[in-house]
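Residue strings, one per chain:
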Amino acid sequence: MTSSPALSLIQAHAARHGAAPADPLRQTLAEARASALAYQGIWNHDLPPLARRQDITADGLRLRLLDSQPQGPSRRPVLLYFHGGGFALNSVDTHERLLRLLAQRSGAAVLALGYSLAPEARFPRQVDEALAAIAWVRAHGADFGLDGNALAVGGDSAGANLALAAMLRLRDQRLPQPRLGVLLYGMFSADLLTASHQRFGGGQFGLTTERVDWFWSQYLADFAQRDNPLAAPLLADLHGLPPQLVIGAGLDCLLDDSLALAEKLRRVGIPHQLSVYDGVPHSFMQMSAVLDQAQAAIDETARALAEALMTPQLQAAE
């Protein structure tokens, strides 16, 4: 299979806007970052309206708060989100439509972290920042109407890696876990020889194995760190984690990362839901402007968030 209706829709939309994905193997880092912002920008039109959109700088962290409800006397449940981009590209801006839809449909506030990018900052800096953001929500979220006890942590691709690594660090430090992990087509392993890499990593489906290898080389200071369980959390002991929602993309070279993670969660008894959306490439949930599968996956994620985070009292208030 070399194409799909979803790929055709994505390519047609990009052609109409004269945009192409970043290619860091053939561009300078600055050019690749500019291309990524431009390409992701074509998916961020017709943004759903929100009651609150606020950029917050605190304790050295850059955060964006998105909420469908105005700040009121009761505290809001919150999803802390880490964006994808191979640790080296993208920003909270590139994911704005996805995050707004999650806030709108889940009834929870979304707080997105603009973490430091590689290679200027390397592992474990991004994991440290993810932990710091969790600590900030719990210590200071109430000042912004957020309930740090009704917390989910999630992300896509490299951001899913950071979310999972952060939960592992919380467990190891005996700190409270979030109520739910949201892991969207995660980059969990540096194994580039999986069946999904062999099948989907050549370039016709978007993300390539070659680019994934480049992303790992930016994130990690040396090759040996690819075996570090906090850098490649598929290698970690997963005992003691909270429930997880794992979403995979059927045409993604990283698909086997999600499948293997779900199997490890099953073996150690961690409650989880695995959903694989057929016929769609990596990052498909950002393409909700044209893909029905993206809308369905956002709805599934929003339902999981509502079920995990919303108490009966908050549900009634909504």
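Note that the coordinates shown come from a computational prediction; the quantities given were computed from them, not determined experimentally. (Residues numbered from 1 in each chain as written. Predicted model: local features only at pLDDT ≥ 70, side-chain atom pairs only at ≥ 80, totals over all residues. Heavy atoms only, no water.)

Got a sec to walk through the pairing of strand 7 (residues 244–249)? Specific residues and values, please.
Each regular strand shows side chains that alternate between the opposite faces of the sheet. Here strand 7 lies mainly inside the structure; six of its six residues are buried. The alternating pattern of strand 7 places Q244, V246 and G248 and L245, I247 and A249 on opposite faces, both of which are buried. Here strand 6 (residues 180–184) pairs with strand 7 via four bridges, running parallel. In the strand pairing of strand 7, L184 is matched with I247. As defined by bridge partners, strand 7 adjoins strand 8 (residues 272–277) across six bridges and the pair is classed as parallel. Along strand 8, the bridge assignment pairs G248 with V276. Each parallel crossover has a hand, and for strand 7 linked through helix 8 (residues 255–268) to strand 8 it is right-handed. (Buried < 20%, exposed > 50% of the residue type's maximum accessible area, 1.4 Å probe, protein only. Helix = DSSP H or I, 4+ residues; strand = E, 2+ residues; numbered from the N terminus. Pairing = 2+ DSSP bridges. Right-handed = clockwise from strand over helix to strand, strands pointing away.)

Can you break down the sheet that holds strand 3 (residues 76–82) residue by residue, with the values?
One key point about sheets: their strands pair by backbone hydrogen bonds, in either a parallel or an antiparallel sense. Pairing within the open sheet is mixed, and its eight strands lie in the order 1-2-4-3-5-6-7-8. Looking at which strands have only one partner, the edges of the open sheet turn out to be strand 1 (52–58) and strand 8. Pairwise comparison of adjacent strand axes, ignoring direction, gives a mean angle of 20° for this sheet. Across the face of the sheet, helix 5 (residues 158–172) comes into contact with strand 3, strand 5 (146–156), strand 6 and strand 7 while running at roughly 135° to strand 5. (Axes fitted to C-alpha atoms, helices over the stretch in contact; angles between N-to-C directions. Contact = heavy atoms within 4.5 Å.)

Which residues make up the environment of A262, and what are the values?
Relative to the helices and strands, A262 is located in helix 8. With a relative accessible area of 4%, A262 lands in the buried category. Residues A262 and A36, 226 residues apart in the sequence, show an inter-C-alpha distance of 30 Å. If near-sequence neighbours (up to four positions away) are discounted, A262 is found in contact with H272 and L274.

An account of the packing of aromatic side chains is needed here, citing residue identities and associated values.
One pass over the structure, following the stated rule, counts 10 aromatic pairs. Taking 5.2 Å as the distance between ring centres and 90° as the angle between the ring planes, the aromatic pair formed by F200 and F205 counts as edge-to-face. Note on accessibility: F200 and F205 belong to one class, buried. Ring centres of W216 and Y219 lie 6.4 Å apart, and the angle between their planes is 50°; this geometry places the pair in the tilted category. With W216 and Y219 both in helix 7 (residues 209–219) and three residues apart, this pair spans about one turn of that helix. Taking relative accessible area as the criterion, Y219 reaches 0% and is therefore assigned buried. Each member of the aromatic cluster is reached from another via a ring pair, and the members are F87, F123, W216 and Y219. (Phe/Tyr/Trp six-rings, centres within 6.5 Å; stacked < 30°, edge-to-face > 60°.)

Could you give an account of the nonpolar core, naming the residues involved and the relevant values?
Formed by 70 residues in total, the largest nonpolar core has its most connected members in L63, F82, L111, W136, L183 and L261. Per-element tally for this core: the top contributor is helix 5, with 10 residues. Beyond its immediate sequence surroundings of up to four residues, L111 is in contact with I56, L63, R64, L65, V78, L79, L80, Y81, W136, V137 and L146. Judged by nonpolar contacts, the second largest core, of 40 residues, contains W43, Y81, L101 and A294. (Core = buried A, V, L, I, M, F, W, Y, C linked by side-chain atoms within 4.5 Å.)

I'd like a rundown of the UniProt feature "domain: Alpha/beta hydrolase fold-3" (unreviewed entry) in the chain, residues and numbers included.
Within this numbering scheme, the UniProt entry marks residues 79–285 as carrying the feature "domain: Alpha/beta hydrolase fold-3" (unreviewed entry). Here residues 79–285 is 35% helix and 18% strand, with 16 Å between the C-alpha atoms at its ends. (UniProt positions renumbered as here; feature names shortened; annotations may be inferred.)

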